[in-house]
Number of protein chains: 2
Amino acid sequence: MNAQVDIQSRNGLDLVQMGQTVEALKNNPSLAQFEFRASNQWVNGGENRSTIRGFYGAGAEDDSRAEDFVFTNGEPPVLLGNNEGANPVEFLLHALAGCVTTTTVLHAAARGITIRNLSTRLSGNINLEGLLALNDDATVGYESIRILMDIEADCSEEELDDLLSFAKNHSPVCNTVCRPVSVTLERI
Amino acid sequence: MNAQVDIQSRNGLDLVQMGQTVEALKNNPSLAQFEFRASNQWVNGGENRSTIRGFYGAGAEDDSRAEDFVFTNGEPPVLLGNNEGANPVEFLLHALAGCVTTTTVLHAAARGITIRNLSTRLSGNINLEGLLALNDDATVGYESIRILMDIEADCSEEELDDLLSFAKNHSPVCNTVCRPVSVTLERI
């Protein structure tokens, strides 16, 4: 029984469903087109709240979520807020950490690598002269972001280094940060 | 009394503290250097959890937060998960929405513009052939992100357009997405 379980699932991912998904995308690449969404309402000062639920993908509107996900952005007192929530640049680190982790776990499963433990610590530097328009030479946004990863897996050091390099290059959030992505802002 | 309140606070931001912060940064630009952080622990499959609390900024470690902020990344069933949380690319939209909103509110306050309402809807397109390494020509990460903003403020249309253009150019998360930002991944 254990052997059967091991074959059908690795790193918590269903290998049968994974194989079927990859086959379906190979046969019909349009199924790989996804649109993700968020709605946000300003509350006051540095506080605002996002609602996330529906998305389009695999050729259909998703209806798997019975409730909205709701997240509150805030700011600490030193940035004129009351810690109503983590702030947006911290949420970006959460998104990046999660995406690099999930991409690593996914491609490990595809390679037959079992991960025993994976944790990361992220830090990113920002010069707030950019946000505040106090210095035209200041970078606006993160100057750089560093990810320190502690990972244990049943493969060689070389295989692990290769997996992590591959995961970084195929992580959607990491590539949204590493490479320039067009953002348009329109009033309605 | 109302007049006094209006002078000391706009859009929920303390104008006195804002002025003092700007003066302090002009006198000592090193105070503008911030380091934000997140720690993340993989749980299983596409589920992982971030802890956010401390950061460095304004010349000191911040100790204003009595508790950790904790956020869970998950994936929907179509992406091999159980909706344990929003997924990382959705959290990125939340971060972007919040940052553009807060940057707009902040610079509106600095310009003497009172905002009555501000909400946004974001959508972003991703071709999952990139994540899954099925097509070398596929973009990994968001291909583009669109922000639709509904805003009401006590200024002219021209002033509003100028404010929004300025806010987009000075939003840290928007610039982290729009421009290439170095991400390093190291094992520990």
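Structure's up top.
Given the structure is predicted, the values throughout are model-derived calculations rather than measurements. Here the residue index of a chain counts from 1 through its sequence in written order. Chains and ligands are labelled by the order in which they are written, letters from A for the one and numbers from 1 for the other. In keeping with the model being predicted, local features are shown solely for residues with a pLDDT of at least 70 and side-chain atom pairs are shown and tallied solely at 80 or more, while totals for entire chains, interfaces and linings include all residues. Computation of side-chain values covers all heavy atoms of the structure but excludes hydrogens and water.

Student: Would you explain the overall build of chain A in this entry?
Tutor: Counting from the N terminus, the helices are DSSP H or I runs at least four residues long and the strands are E runs at least two residues long. Across its full length, chain A carries six helices and ten strands. If one aligns the C-alpha atoms of chain A with their principal axes, the spans along those axes are about 60 × 40 × 30 Å. The buried share of chain A, taken over its 188 residues, is 52%. The Shrake-Rupley method, run with a 1.4 Å probe, gives the accessible areas here. Residue values count only the displayed protein chains as cover. By element, 46% of the accessible surface of chain A is carried by carbon and sulfur atoms, the whole surface being about 8000 Å². Once the 13 positive and 26 negative side-chain charges of chain A are each reduced to a mean point, those two points are 3 Å apart. Only protein chains enter the accessibility calculation, which uses a 1.4 Å probe; a residue whose area is less than 20% of its type maximum is buried, one above 50% is exposed, and one in between is partly exposed. Positive residues here are Lys and Arg, negative ones are Asp and Glu, while His and the chain termini are left out of the count. Here the site of a charge means NZ on Lys, CZ on Arg, CG on Asp, or CD on Glu.

Student: Got a minute to help me understand the environment of P180 of chain B in this structure?
Tutor: In this fold, P180 of chain B is placed in the loop between helix 6 (172-178) and strand 10 (182-187). The contact partners of P180 of chain B, leaving out residues within four places of it in the chain, are V177, C178, R179 and P180 of chain A. Any two residues whose heavy atoms approach within 4.5 Å are treated as being in contact.

Student: What is the right way to read the relation of the copies chain A and chain B from this model?
Tutor: One copy of the chain maps onto the second through a rotation about an axis and a displacement along it. The copies are overlaid by a least-squares fit using only the C-alpha atoms of residues whose pLDDT is at least 70 in both copies. Screw-axis analysis of chain A against chain B gives a translation of 0.0 Å along the axis, an RMSD of 0.0 Å, and a rotation angle of 180 degrees. Given the turn and translation reported, the copies of this chain are related as if by a two-fold rotation axis. Of the interface residues in chain A, 100% have counterparts in chain B that sit at the interface too, so the contact is made through matching surfaces.

Student: Where do I start with helix 3 (residues 88-111) of chain A in this structure?
Tutor: Helical geometry: 3.6 residues make up each α-helical turn, so side chains three or four residues apart lie on a common side. Residue and element names in this part refer to chain A. The span expected for a helix works out to 1.5 Å for each residue beyond the first. In a regular helix each residue adds 1.5 Å, so 24 residues correspond to 34 Å; helix 3 covers 35 Å between its end C-alpha atoms and thus fits that length. Of all 24 residues in helix 3, 22 are buried, a share of seventy percent or more. Directly beyond the C-terminal end of helix 3, a positive phi value near 80 degrees is found at G112.

Student: I would appreciate a short explanation of the nonpolar core in the present structure.
Tutor: Among soluble globular proteins, nonpolar side chains are generally buried collectively. Core analysis: the biggest nonpolar cluster contains 102 residues, and L96 and Y142 of chain A together with L96 and Y142 of chain B have the highest contact counts within it. Non-local contacts of Y142 of chain A, meaning those with residues more than four positions away in its chain, are made with V89, E90, L92, L93, G124, N125 and I126 of chain A together with F36, P172, T176 and V181 of chain B. Buried residues of nine kinds, namely Ala, Val, Leu, Ile, Met, Phe, Trp, Tyr and Cys, make up a nonpolar core once their side-chain atoms join them within 4.5 Å.

Student: Would you take a moment to explain the interface of chain A and chain B for this structure?
Tutor: Where interface size is quoted, it is often the accessible area lost as the parts come together. Contacts between the two partners involve 125 residues from chain A, matched on the other side by 125 residues from chain B. Buried area is calculated as the accessible area (1.4 Å probe) missing from two parts once they are joined, with the contributions of both summed. Between chain A and chain B the total buried area reaches about 11300 Å² when both faces are included, carbon and sulfur atoms providing 62% of it. Each salt bridge in this description consists of a side-chain nitrogen of Lys or Arg and a carboxyl oxygen of Asp or Glu lying within 4 Å of one another. Inspection of the chain A/chain B interface yields eight salt bridges. R146 of chain A serves as the salt-bridge partner of E186 of chain B, at 2.8 Å between the closest nitrogen and oxygen. Here a polar contact is recorded for every N or O atom pair within 3.5 Å, except that within protein the pair must consist of a potential hydrogen donor and a potential acceptor, and residues adjacent in sequence are included only if both atoms are side-chain atoms. Taken together, the connections running from chain A to chain B amount to 62 residue pairs in polar contact (both at pLDDT 80 or more). At 19 residues, helix 3 of chain A tops the list of elements feeding residues into the side of chain A that touches chain B. Of the residues in the side of chain A that touches chain B, the class split is 62 nonpolar, 43 polar and 20 charged. In this sheet, strand 10 of chain B lies alongside strand 9 (residues 142-153) of chain A in parallel orientation, the contact comprising six bridges. Its bridge partner being in strand 10 of chain B, L148 of chain A is matched across the sheet by E186 of chain B. Residues were grouped as follows: Ala, Val, Leu, Ile, Met, Phe, Trp, Tyr, Cys and Pro as nonpolar; Asp, Glu, Lys and Arg as charged; and all remaining residues, including Gly, as polar. Strand pairing is assigned whenever DSSP detects at least two bridges linking the two strands.

Student: Even after reading the chapter, I still don't get the packing of aromatic side chains, so can you show me in this structure?
Tutor: Where two aromatic rings form a pair, the distance of their centres and the angle of their planes describe that pair. All names here are of chain A. Two rings from Phe, Tyr or Trp (for Trp, the six-membered ring) form a pair when their centres are within 6.5 Å of each other. A pair whose planes differ by under 30 degrees is stacked, one over 60 is edge-to-face, and the rest are tilted. What the rule picks out here adds up to eleven aromatic pairs over all chains. A centroid spacing of 6.1 Å and a plane angle of 20 degrees characterise the contact between F34 and F55, whose relative ring orientation is stacked. Note that F34 is positioned in strand 3 (residues 33-44) and F55 in the loop between strand 4 (47-52) and strand 5 (56-57), a separation of 21 residues in sequence. As far as burial versus exposure is concerned, F34 and F55 are alike and both buried.

Student: How should I be thinking about the environment of W42 of chain A in this particular structure?
Tutor: Residue and element names in this part refer to chain A. Examined against the element boundaries, W42 turns out to sit in strand 3. The class for W42 is buried, based on a relative accessible area of 9%. Within the structure, W42 has its side chain in polar contact with the backbone oxygen of G45 (distance 3.0 Å).

Student: Is there a simple way to think about the packing of helix 3 of chain A against helix 5 (residues 157-170) of chain A in this case?
Tutor: When two helices pack together, their arrangement is given by the angle between the helix axes and the distance between those axes. All names here are of chain A. Geometry is summarised by axes, namely lines fitted to C-alpha atoms with helices restricted to the contacting stretch, and by angles between N-to-C directions that run from 0 to 180 degrees. Viewed as axis vectors pointing N to C, helix 3 and helix 5 meet at an angle of 125 degrees, and their least axial separation amounts to 9 Å. Classified by the interaxial angle, the pair formed by helix 3 and helix 5 is oblique. For the crossing formed where helix 3 meets helix 5, the hand is right-handed. Residues T103, T104, H107, A108 and R111 of helix 3 touch helix 5, and the partners they reach there are D162, L163, L164, F166, A167 and H170. Tallied by class, residues from the contact of helix 3 with helix 5 come to five nonpolar, four polar and two charged. Angle categories are assigned with fixed cut-offs, so that under 35 degrees is roughly parallel, over 145 is roughly antiparallel, 65 to 115 is roughly perpendicular, and the rest are oblique. For any helix crossing, the convention is left-handed if the near helix is rotated counterclockwise from the far helix by under a right angle, and right-handed if that rotation is clockwise.

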